[in-house]
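Structural features, examined
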Amino acid sequence: MNKRIYMDHAATTPVDPEVLEVMIPLFTTEYGNPSSIHHWGQRSEYILHSSRETISKSLNCETDEIIFTSSGTESDNLALRGIALEAYHRNKNNHMIISSIEHPAIMNTAHDLKTKYGFELTILPVNQYGLVEPHDLANAIKENTILVSIMYANNEIGVIQPISKLSEITKASNILFHTDAVQAAGQLILDVKSLGVDLMSISGHKFYGPKGIGALYIKRNIPFRSTQTGGSQENGLRAGTENVPLIAGMAKALEISMSRYKDDTIKMTQLRNLLIDTILQEIPDCYITGHKKQRLPNNASFVFDNIDGNELIMNLDIYDIAASSGSACKIGNPEPSIVLQAIGLSSNLSLGSLRLSIGRNTNQDQVNYVITMLPKIISKMRGTP
Amino acid sequence: MTKKIAVGMSGGVDSSVAAALLKNQGYDVFGIMLRLWSEPGQSTNGQNRCCSPESITRARQVAAMLDIPFYVLDAKNVFHESVVSFFIDKYSSGVTPNPCLECNKNIRWGHLLEKSLAMGASHLATGHYARVDKRGDKWFLLRGSDQNKDQSYALSMIGQKELKHTLFPIGKYTKNKIRDLAKQFDLPVAERQESQDLCFLADRNYRRFMHQYAPKSMKPGPITNSKGEKIGDHKGLPLYTIGQRKGIGISAKEPLYVLEKNMSTNTLIVDKHSKLGKNHLSVNKVNWISGDPIHKNFRAKVQLRYTARAISAWILPKNDKELNIKLDKPINDITPGQAAVFYQNDSCLGGGIIIT
Ligand SMILES: Cc1ncc(COP(=O)(O)O)c(C=O)c1O
C-alpha cells in the first residue's frame, strides 16, 4: 500500500482508469485527424463529436456551444480576450468586472487587457467568507460594461459563489457573464441555463481526466471573436488540430463524475467536515477560511497564527501528507495569498495557510492520520510542547 | 528508524555527491536549499548567485534522480539582516568583512540547521571540503583531505552545538575523486562558480554596491604617506583595502600600496612596498571550536584569508574572546575584518576577527 496521502485534489487529480482505457486506443489505433475525409478522419470526427455531446449534456447546452482548448487557463483567456476583441472591433463598450479572488488565469488576463489594451477594469471586493455581494456587482455596472467574470468555486478557499443570483443582475442590463468553473466541475451542477451564464470554463485534470485539456462554453450568437488564427476547427473559434484522445478522456471523466457526484458529495462532505471540525478543535489559533457551508465538498482550508505555510507543506510532506498552501512556492519566494488578503486577513496570517483537498478515493483512515499528525506538526513548528 | 538527514544542496557537484553518498549509506535523506536576498538588478535578474533559478532547477533534478525530497526555504529576510546589513556596516566602518563566514554562522548553521532539525533531521550535511570527528566527548573540525579545496576557514565560527549535528560527507575525498563519484552516480558534474563570494551583489562590484547602498560612508578625504604628508585625495575609505596597489590614483616613482585606513581622521595612508608588512595582529570575537578557550600562549598555524597559506605563529590569548598573534614572518596584506583562523595539524581550533 502506498502510505503517502494525497490531499491536493484541487491542484490536480489522478486519471480514472476507465478514462485511461478510453484514451489509449486513440493514440495508437484510431489516431486520425478529425478534419480528414477518409476512414481514420471519420472515426476521429465521430469520437470528437460524441465527446462534445457528452459534455454538452452535462452543461445542458448545444454541442456547437462547446469549444475545446488546451487547459482551464486557455479557456479563461479565450473567454476574456474573445469578448474583448469583438468589443474592441465594435469600438464602443469596454468595461469589465471581475472579483478579487479570481485565479491568475482570469486576474492576470484582465490586468493585461487593462494595461496593454486600455480596457477599464473593476475588481469587486468579497466579504469575509469570500462571497461577492450582489449589490456590489449591481453598483459596479456602468454604461460601458461588457463582461462580468466571477468564478463558480474558488481554488484556495473553496467558497461557492451564488452564480445564478449574480447573473440575474447582468442579464437585466444585457451584460455577458463568464464563470470560471474549473474547480466546480465534477463537484457541482454545471447547468449553464440554471446558472444563467454566457461563458463557462472547465479543465479536464480537476475531475479525474487528463491534464492539458479544457473546454469553454460559449453561448450561441454572443458577440465573440477568435483570438487564434489558423484552421477552421471548433467553429472557427479555436484553430488547431483537436487533441482527440484528451478530449475523449475529458468527456468520459465528466460523464463518470456526473454519474456519481451525489454519492461522492455525501462521502466527501462528511470527511471534509471531520477534517474541519477536528482541526479547529485540536489546534489553537487556527481559523477556517471561506464559508463553513457554502464550499466545495472536497475543500478544507485554514490559516494558522505563527506558521509559515510554505514550511508547513514541507513538514507535512516529510510525514507523507501532500497538501498545499496559498503562499507555498517551490522556489522559496512566498507571497501572501491575494485571496486571503481579499477576505481581510493580515498578510502575516495569509502566509500561514493550508489547503487540504480530498478526492473521491480519500478514506477515513487517511483523514484520521491527517487529523492526528497535523496538530503535532503545528505545535512542533510553533515550538510549543 | 533510519536517521533522517537534511542535505544543503546547491545544484553543484559537491553537494550532489554528498547527498548521493548519504543516500547510498541508507539514510533517509532530503535536500534543502535556502532562498537568499539579492540586490535587485538587471544582470542577475535580482537572483542571488547561491540560489538562482537555474541552480534550484539543477538541485531539484539531482534530488529527483536520487529519489529524495527537495525543498526550498525562504531566508531572504534573515539573510538580509545578518549578512547584507553586516556587510554594509562593516565596510562603512572601514574594515573588509567576510560575509561567507557570517552566512555560515548565522544562516547555514543558524537558520538552516534549526529548520532542518525542526523537520525531523538529526543532522545537516553539506558539500564542504572539511571533516568532523568526535574524539572523546568533543567534536573536532578538521581540514578537508584535499588541501587545495579545504574550506574549514569559512566554517571556523561554528561550535560544538552545531558540529554535533553536522556531516561533511565529501570532506575525506579529493575533488578528483568527487568528480569520479559523480560519474559513478550518474550525476551531472556542473561546476558552480568557484567562489560565490558576495553572492548577493548584482554585478560583483562591491564598490558600486557601497556607493549605492551606503552613500554616506563614501566621504572623500586626504591620502598621506606614512610620515603624515598629504599626497592626494581619496574617494571614501570603504573603497580601499589593505595592500591594494591599483586604483589609488596617485602617480609616483615607486608603486604605492594601501597601508592603513584611519577612520577617525578619514585618512588613507599609503606608501612604498618596503613599508608594507606586519607580524603583529590583534583579534577579537574569538570562537573556540571546542567551546573551551585556551588561556596560555601556544604555537599554531594561522590562516588570514580564505585562500591564504597558513603561517606559523604564537597565539597570545588576552581573554576568552580576544587575543594577539605574533607571526613568525611579516605579511603584507593583513586585513581588518577578515578572520584569523588557527590550526594545529589538521584541526581547526577556532578563529577571530582581525582588528588591526
Ligand atoms: C479556478 C481555476 N481556474 C483556472 C485554473 C487553470 O486550469 P489549468 O490548470 O487547466 O490551466 C485552475 C487550476 O489550477 C483553477 O483552479
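Described in the following lines is the structure provided in the data block. (Residues numbered from 1 in each chain as written. Chains lettered and ligands numbered in written order. Predicted model: local features only at pLDDT ≥ 70, side-chain atom pairs only at ≥ 80, totals over all residues. Heavy atoms only, no water.)

What follows is about the packing of helix α3 (residues 76-92) of chain B against helix α4 (residues 99-118) of chain B. Residue and element names in this part refer to chain B. Where α3 contacts α4, the axes come no closer than 9 Å and their chain directions differ by 165°. With respect to each other, α3 and α4 are oriented roughly antiparallel. Here the hand of the crossing between α3 and α4 comes out right-handed. Residues Val-78, Phe-79, Ser-82, Val-83, Phe-86 and Phe-87 of α3 lie in contact with α4, whose contacting residues are Pro-99, Glu-102, Cys-103, Asn-106, Ile-107 and His-111. (Axes fitted to C-alpha atoms, helices over the stretch in contact; angles between N-to-C directions. Helix = DSSP H or I, 4+ residues; strand = E, 2+ residues; numbered from the N terminus. Parallel < 35°, antiparallel > 145°, perpendicular 65-115°, else oblique. Left-handed = near helix turned anticlockwise from the far one by under 90°. Contact = heavy atoms within 4.5 Å.)

Before going further, it helps to examine the site of the ligand. Residues and elements named next belong to chain A. Around the ligand sit 13 residues, and of these Gly-72, Thr-73, Asp-180, Gln-183 and Ser-203 come closest. Between the ligand and Gly-72, the relevant distance is 2.8 Å, taken from an oxygen atom to a main-chain nitrogen or oxygen of the residue. For the ligand, a nitrogen atom lies 2.6 Å from a polar atom in the side chain of Asp-180. When the ligand sits alone it has 390 Å² of accessible area, and the protein chains cover 86% of it. In terms of residues, the shell around the ligand owes the most to one element, helix α3 (residues 72-90), which gives three residues. Grouping the constituent residues of the shell around the ligand by class yields two nonpolar, eight polar and three charged. (Near = heavy atom within 4 Å. Polar contact = N/O pair within 3.5 Å; in protein donor to acceptor, adjacent residues only side chain to side chain. Areas by Shrake-Rupley, 256 points an atom, 1.4 Å probe, with all protein chains shown as cover. Nonpolar A, V, L, I, M, F, W, Y, C, P; charged D, E, K, R; others polar.)

Looking now at the pattern of salt bridges. Residues and elements named next belong to chain A. Within the structure shown, the criterion is met by 34 salt bridges over all chains. Taking the shortest distance from any N to any O, the salt bridge between Lys-252 and Glu-18 comes out at 3.9 Å. Taken together, the residues span a long stretch of sequence, with Lys-252 in helix α8 (residues 244-282) and Glu-18 in helix α1 (residues 17-28) at a distance of 234 residues. Judged by its relative accessible area of 44%, Glu-18 falls in the partly exposed class. If you follow the salt bridges from partner to partner, you end up with Asp-16, Arg-260, Asp-264 and Arg-360 in one network. (Salt bridge = Lys/Arg side-chain N within 4 Å of Asp/Glu carboxyl O. Buried < 20%, exposed > 50% of the residue type's maximum accessible area, 1.4 Å probe, protein only.)

Before going further, it helps to examine α3 of chain A. All names here are of chain A. The end-to-end C-alpha distance of α3 is 27 Å, a good match for the 27 Å that 19 residues give at a rise of 1.5 Å each. Listed as buried for α3 are Gly-72, Glu-74, Ser-75, Asp-76, Leu-78, Ala-79, Leu-80, Gly-82, Ile-83, Ala-84, Glu-86 and Ala-87. Here α3 starts with a cap whose side-chain oxygen sits 3.4 Å from the backbone nitrogen of Thr-73, and that cap is Ser-71. (Expected span 1.5 Å × (residues − 1).)

The next subject is the packing of aromatic side chains. Taken as a whole and judged by the stated rule, the model has 16 aromatic pairs over all chains. For the ring pair Phe-87 of chain B and Phe-200 of chain B, a centre distance of 5.3 Å and an interplane angle of 85° mean the geometry is edge-to-face. In this pair, Phe-87 of chain B is assigned in helix α3 and Phe-200 of chain B in the loop between α6 (175-184) and α7 (206-213), connecting sequence segments 113 residues apart. In this structure, Arg-360 of chain A packs its charged tip against the face of Tyr-208 of chain A, placed 3.7 Å from the ring centre. Stacked on the ring of Phe-140 of chain B, the Lys or Arg Arg-135 of chain B has its end atom at 4.9 Å from the ring centre. (Phe/Tyr/Trp six-rings, centres within 6.5 Å; stacked < 30°, edge-to-face > 60°. Lys NZ or Arg CZ within 6 Å of the ring centre and 35° of its normal.)

This part covers the sheet that holds strand β9 (residues 286-288) of chain A. All names here are of chain A. Taken in spatial order, the three strands make up an open sheet running β9-β10-β12, and their pairing is antiparallel. Looking at which strands have only one partner, the edges of the open sheet turn out to be β9 and β12 (353-357). For this sheet, the mean angle separating the axes of adjacent strands, direction not counted, is 25°. (Pairing = 2+ DSSP bridges.)

This part takes up the interface of chain A and chain B. The interface of chain A with chain B comprises 12 residues on the first partner and 15 residues on the second. Counting the surface chain A buries against chain B, the share from its top three residues, Glu-311, Met-314 and Ile-318 of chain A, is 42%. In this structure, the connection of chain A to chain B is made through one salt bridge. As a salt-bridge pair, Lys-115 of chain B and Glu-311 of chain A come within 2.8 Å of each other at their nearest N and O atoms. For the pair chain A and chain B, the number of links is three residue pairs in polar contact (both at pLDDT 80 or more). (Buried area = accessible area lost by both parts, 1.4 Å probe.)

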